[in-house]
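# Observations on the model geometry
Each chain, letter by letter, is given below.
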Amino acid sequence: MFVLGLQGSPRKKGNTNHLLSIFLNEAETLGARTRTIHVADCNIQMCRGCMSCEKKGLCVITDDEMTSDIYSLIRDADVVVAATPIYFYSATAQLKALIDRSQTLWSRKYRFKLADPKSKNRLGVLLSVGATKGENLFAGLELTMKYFCDAIDADYSGNLTYRQIEKKEDLANSPLVFTETRDMVNRLLTPLSSRKKVLFACRENACRSQMAAAFAQYLGGDKIDAFSGGTSPANSVNSVMAGTMQEKGIDMAFRKPRTLETVISNTKPDIIVTMGCGEQCPFVPGAEKIDWDIPDPAGKPEDFMRHVRDEIDQKVKELIRKVS
Ligand SMILES: Cc1cc2nc3c(=O)[nH]c(=O)nc-3n(C[C@H](O)[C@H](O)[C@H](O)COP(=O)(O)O)c2cc1C
């Protein structure tokens, strides 16, 4: 389980960061891998409103951290936690720039009718603080968050908001914050943390293991926490594979090949499914090993890729039945 925190305050030692840290620390006690993005430190260009993403499915801005990292991190996340102080009854401009750029993900979902493999199980949470105490202090932000969650394919699962928090240390002195945050984390994340962790492994993590992980996430994401890696990862996923998955309505955009060592150091799998990497696959004590022996479709004709895709689809369905 991967929990991504989007920390929207420019004050790194302020109230928002404190609240997000409590949330992420609690998530880690449930076995989650976490990452905080301090949005104000990132190079995120503002949406230009050019509508290119609605026509082509990708943003024209290619030289910032949204494109290099953040789309991928959002797609990888099981839980996205957006945390921001109230600035003029809304999110900070830094976080809003990130939110606006999620229009690319909205376009892929609604214009191109593509499904993000994690779309059925991803959760979205809002954390916020504000200095005043008005009844509607968080109303605008909540609406923004609901529509951000829709764009990133997350089920908006609630918020923790605190009024009359102004000076840097105010939240830390607030008595209920810790227990309320812990309760929320346990309520929302326990079902996700009890899923079977399944690692799909192949050589380049560009074709077979990517397809298997995507099918497992899409078809069995409530029972399986699926991830993938390769013994010698390629620079990017195979474009023919992405095209054949797209024929099934599954979106492979923003996925990145990773080494097996990296994924295993992050999450210890219960099951490792290999697809030909055989004895090169690292030994993980306690993990059940299954070999599917599926031929490498890289460089073969498109029809061969389709055949491999359908075989993997069937095997993933069997695996889901097995772990259910
Ligand atoms: C530019 C700016 C705009 C703000 N606008 C509001 C506001 O509209 N309503 C409010 O209650 N607090 C407002 N605040 C106060 C912050 O929300 C508050 O100080 C918060 O605790 C800061 O969180 P941080 O420590 O995480 O940065 C504003 C602060 C700044 C700097």
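Reading the values: the criteria
- Residues numbered from 1 in each chain as written.
- Predicted model: local features only at pLDDT ≥ 70, side-chain atom pairs only at ≥ 80, totals over all residues.
- Heavy atoms only, no water.
- Helix = DSSP H or I, 4+ residues; strand = E, 2+ residues; numbered from the N terminus.
- Expected span 1.5 Å × (residues − 1).
- Buried < 20%, exposed > 50% of the residue type's maximum accessible area, 1.4 Å probe, protein only.
- Arc of directions from axis to C-beta.
- Domains from an automatic or database assignment.
- Buried area = accessible area lost by both parts, 1.4 Å probe.
- Salt bridge = Lys/Arg side-chain N within 4 Å of Asp/Glu carboxyl O.
- Polar contact = N/O pair within 3.5 Å; in protein donor to acceptor, adjacent residues only side chain to side chain.
- Nonpolar A, V, L, I, M, F, W, Y, C, P; charged D, E, K, R; others polar.
- Contact = heavy atoms within 4.5 Å.
- 1 Å grid on protein atoms, 1.4 Å probe; cavity = no way out; pocket = protein on both sides within 12 Å on 5 of 7 lines; lining within 4 Å.
- Points joined across faces, edges and corners; volume = space filled by probe spheres on them.
- Pairing = 2+ DSSP bridges.
- Near = heavy atom within 4 Å.
- Areas by Shrake-Rupley, 256 points an atom, 1.4 Å probe, with all protein chains shown as cover.

Let's shift gears to helix α11 (residues 302-323). Taking 1.5 Å per residue, 22 residues should reach 32 Å; α11 reaches 31 Å between its end C-alpha atoms and fits that length. All of the buried residues in α11 are Met305, Val308, Arg309, Ile312, Asp313, Val316, Leu319, Ile320 and Val323. For α11, the arc enclosing every buried residue in end-on projection is 145°, short of the 170-degree limit, so these residues lie on one face. Residues of α11 that are exposed and angled more than 90 degrees away from the buried face: Asp303 and Arg321.

Attention shifts here to the domain arrangement of the protein chain. Along its sequence, the protein chain is organised into domain 1 (2-193) and domain 2 (196-323). The gap between the C-alpha centroids of domain 1 and domain 2 is 28 Å. Taken over both partners, the interface formed by domain 1 and domain 2 buries close to 1,700 Å², and the fraction arising from carbon and sulfur atoms is 50%. The largest contributions to the domain 1 side of the interface with domain 2 come from Arg33, Leu114 and Pro117, which together make up 31% of the buried area. For the pair domain 1 and domain 2, the interface holds 4 salt bridges. The residue Asp251 makes a salt bridge to Arg108 at a minimum N-O spacing of 2.7 Å. Where domain 1 meets domain 2, there are 10 residue pairs in polar contact (both at pLDDT 80 or more). Looking at the side of domain 1 that touches domain 2, the elements that each hand over two or more residues are α3 (65-76) and α5 (103-110). Per-element tally for the side of domain 1 that touches domain 2: the top contributor is α3, with 6 residues. Its residues assigned to classes, the side of domain 1 that touches domain 2 comprises 6 nonpolar, 6 polar and 10 charged.

At Asp153, a residue that is not glycine, the phi angle is positive and equals roughly 60°. Structurally, Asp153 can be placed in the loop between α6 (139-151) and β5 (155-162). Given the relative accessible area of 13%, Asp153 is considered buried. With a phi close to 55°, Gln164 is a non-glycine residue in the positive phi region. Tracing the backbone shows Gln164 in the loop between β5 and α7 (177-193).

This brings us to the side chain of Thr244. Its place among the elements puts Thr244 in helix α9 (residues 239-247). A distance of 2.9 Å separates a polar side-chain atom of Thr244 from the backbone oxygen of Met241. Aside from chain neighbours lying at most four places away, what touches Thr244 is Glu302, Met305, Arg306 and Arg309.

With that out of the way, let us pick up the layout of surface pockets. Its boundaries defined by the atoms lining it, the largest pocket holds a volume of some 440 Å³. What lines the largest pocket is a set of 23 residues, among which Ser72, Leu73, Asp76, Lys256 and Arg258 lie closest to the centre. If you list the elements that add at least two residues to the lining of the largest pocket, you get β2 (33-38), α3, α8 (208-220), β7 (224-230) and α10 (260-266). Considering each element in turn, the lining of the largest pocket owes the most residues, 5 residues, to α3. A domain split of the lining of the largest pocket shows at least three residues from each of domain 1 (2-193) and domain 2 (196-323).

Let us now look at the pairing of strand β8 (residues 271-274). Residues Ile271 and Val273 line one face of β8 and the alternating positions Ile272 and Thr274 line the opposite face, and both faces are buried. Note that strand β6 (residues 196-202) and β8 share 4 bridges and pair parallel. Residue Val198 lies in a different strand from β8, and its bridge partner there is Ile271. Looking at chain direction, β8 and strand β9 (residues 288-291) are connected through 4 bridges and run parallel. If you follow Val273 over to β9, its bridge partner there is Ile290.

Before going further, it helps to examine the site of the ligand. For the ligand, the set of nearby residues contains 17 residues, the closest of which are Ser9, Thr16, Ile86, Thr132 and Ile165. Interatomic distance of 2.8 Å between a backbone N/O atom of Asn15 and an oxygen atom of the ligand. Here a nitrogen atom of the ligand and a backbone polar atom of Phe88 are 2.9 Å apart. About the coverage of the ligand: the protein hides 78% of its 640 Å² of free accessible area. Considering only residue class, the shell around the ligand consists of 9 nonpolar, 6 polar and 2 charged.

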